[in-house]
Amino acid sequence: MNCSDVCRRIYLDNAATTKMSKTAIDAMLPYMDGVYGNPSSLHSEGQRAAEALVGARERIAACLGCTAREITFTSGGSEADNQAIISAAKLGEKKGKKHIISTAFEHHAVIHTLEKLKKEGFEITLLDVHENGLVSAEQVKAAIRPDTCLVTVMYANNEIGTVQPIKEIGAVCREKGVLFHTDAVQAVGHIHINVGEQNIDMLSLSAHKFHGPKGIGVLYAKKGILLSNLIEGGAQERGKRAGTENIPAIMGMTAALEEACANIDKNAAKLSALRDKLIAGLSKIPHSILNGDAEKRLPGNVNFCFEGIEGESLLLLLDDKGICASSGSACTSGSLDPSHVLLAIGRVHDIAHGSLRLSLSEEGTEEEIEYTINAVKEVVEYLRGISPIWRDLVNGKKEFIIK
């Protein structure tokens, strides 16, 4: 396979967003034209939309192992994260509990919400992340205090793909009587999830991470948890999220989630094989290192650092070769700072700047992986060839960090 063969380009940025599936698109179309009523309206057109909304809520609940009344539709993962954390904080404040536990490598939707709460008098403990990108239930247990009101730990990291021991962390929280929230935006649709079996009190998801539409997501909140409103207005979503529900997007998300959950095992097997082939190939590049645990990671996530290069140049040159990739979270793509995730696992600034995230799709092929491995090798070699930093490393004026 050569560059001229990449007529449709190789899209390896599925952690940022996925291509909408035909299943999701087909599910949306009838609600853009035929069933277009407002589900809050009492006339028949509105009630047809309301029935679709009820059905979608039940179908999503079935995918997560909860009840329909525990599902709240949001605009996506960031809103769901915000509502979950702020709700838990306000519930804790009423009981005199203003301590929250999280990790140093959460998504910014969590980190920035915690920073906001810190300014309001909450104490935030960010657990250190091991070099392999994992936290442990023991760390959480040791950090819980009598005034802890919430533990929020992401299910799977959006940059390095490591999957946390969610069930065990949830069990610790359940034992201590502390609410447990997980940002599962990267995990839902790719890993088997059952909120009841995994001791999860609140969970956030976003449709565009599993081939659904953008701008729609879900907050699961266990029965009995009183959610705080982020948006005031009408009585939609049982009064907890004002605004007319986006029925087409909800239907697309529902169909995409059902399809993803029905094919999790098959997709995971294929993606894991492609992922491992890609990791093996990139590992042969001198002075490179895989970020995150080699096994406890998402089926489709590969994240590497290459010493002596800048990630931005790497991405631009790969784009010229027909490969869509990223250096980390799409939410921080405009920042010149190195990834806070990579810094959290111990990568120094110079190494963190040379990162590459490749996130795979079920549509990927072995030929595309082989082409990508060769393309990355060529680009890394070229960038090192014109780098004065690399010259100093090779000549012994500086020591290599990645051996």
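All figures in this text were calculated on a predicted structure; none of them were measured in a lab. (Residues numbered from 1 in each chain as written. Predicted model: local features only at pLDDT ≥ 70, side-chain atom pairs only at ≥ 80, totals over all residues. Heavy atoms only, no water.)

## Overview of the environment of Ile250
Consideration 1: Here Ile250 lies in helix H7 (residues 247–262).
Consideration 2: A relative accessible area of 1% places Ile250 in the buried class.
Consideration 3: Along the primary structure Ile250 and Thr74 are separated by 176 residues, whereas in three dimensions their C-alpha atoms are 9.6 Å apart.
Consideration 4: When sequence neighbours within four positions are dropped, the list of residues in contact with Ile250 reads Leu53, Ala56, Phe73, Ile216 and Glu245. (Helix = DSSP H or I, 4+ residues; strand = E, 2+ residues; numbered from the N terminus. Buried < 20%, exposed > 50% of the residue type's maximum accessible area, 1.4 Å probe, protein only. Contact = heavy atoms within 4.5 Å.)

## Some details on the sheet that holds strand S12 (residues 355–359)
Consideration 1: Taken together, the three strands give an open sheet; going across it, the order is S9-S10-S12, and neighbouring strands pair in antiparallel fashion. What marks the edges here is a single partner per strand, and that holds for strand S9 (288–290) and S12. Strand-to-strand twist across the sheet, computed as the mean angle between neighbouring axes with direction ignored, equals 25°.
Consideration 2: Pairing of S9 with strand S10 (residues 301–306) involves three bridges; the strand directions are antiparallel. Residue pairing across strands places Ser288 opposite Phe306, the latter belonging to S10. (Pairing = 2+ DSSP bridges. Axes fitted to C-alpha atoms, helices over the stretch in contact; angles between N-to-C directions.)

## Quick word on the packing of aromatic side chains
Two measures describe an aromatic ring pair: the distance that separates the ring centres and the angle between the ring planes.
Consideration 1: For the coordinates displayed, the defined rule picks out two aromatic pairs.
Consideration 2: Arranged with centres 5.9 Å apart and planes meeting at 15°, the rings of Phe304 and Phe306 form a pair that is stacked.
Consideration 3: Here Phe306 falls in the buried class, since its relative accessible area comes to 0%.
Consideration 4: Taking 5.4 Å as the distance between ring centres and 70° as the angle between the ring planes, the aromatic pair formed by Trp390 and Phe400 counts as edge-to-face. In this pair, Trp390 sits in helix H13 (residues 388–394) while Phe400 sits in the segment after H13, placing the two residues ten residues apart along the sequence. Neither residue differs from the other here; Trp390 and Phe400 are each classed as buried. (Phe/Tyr/Trp six-rings, centres within 6.5 Å; stacked < 30°, edge-to-face > 60°.)

## What to know about the pattern of salt bridges
Consideration 1: According to the stated counting rule, one finds 16 salt bridges in the structure shown.
Consideration 2: Here Arg145 makes a salt bridge to Asp147, at a shortest N to O gap of 2.9 Å.
Consideration 3: Overlapping salt bridges, with partners in common, bring together Glu123, Arg145 and Asp147 in one network. (Salt bridge = Lys/Arg side-chain N within 4 Å of Asp/Glu carboxyl O.)

## Structural notes on helix H4 (residues 108–119)
Consideration 1: Look at H4: 16 Å from first C-alpha to last across twelve residues, which is about the 16 Å you get at 1.5 Å a residue.
Consideration 2: Among all positions in H4, only His108, Ala109, Val110, Ile111, Thr113, Leu114 and Leu117 are buried.
Consideration 3: Looking one or two residues past H4, Gly121 carries a phi angle of roughly 100°, positive in sign. (Expected span 1.5 Å × (residues − 1).)

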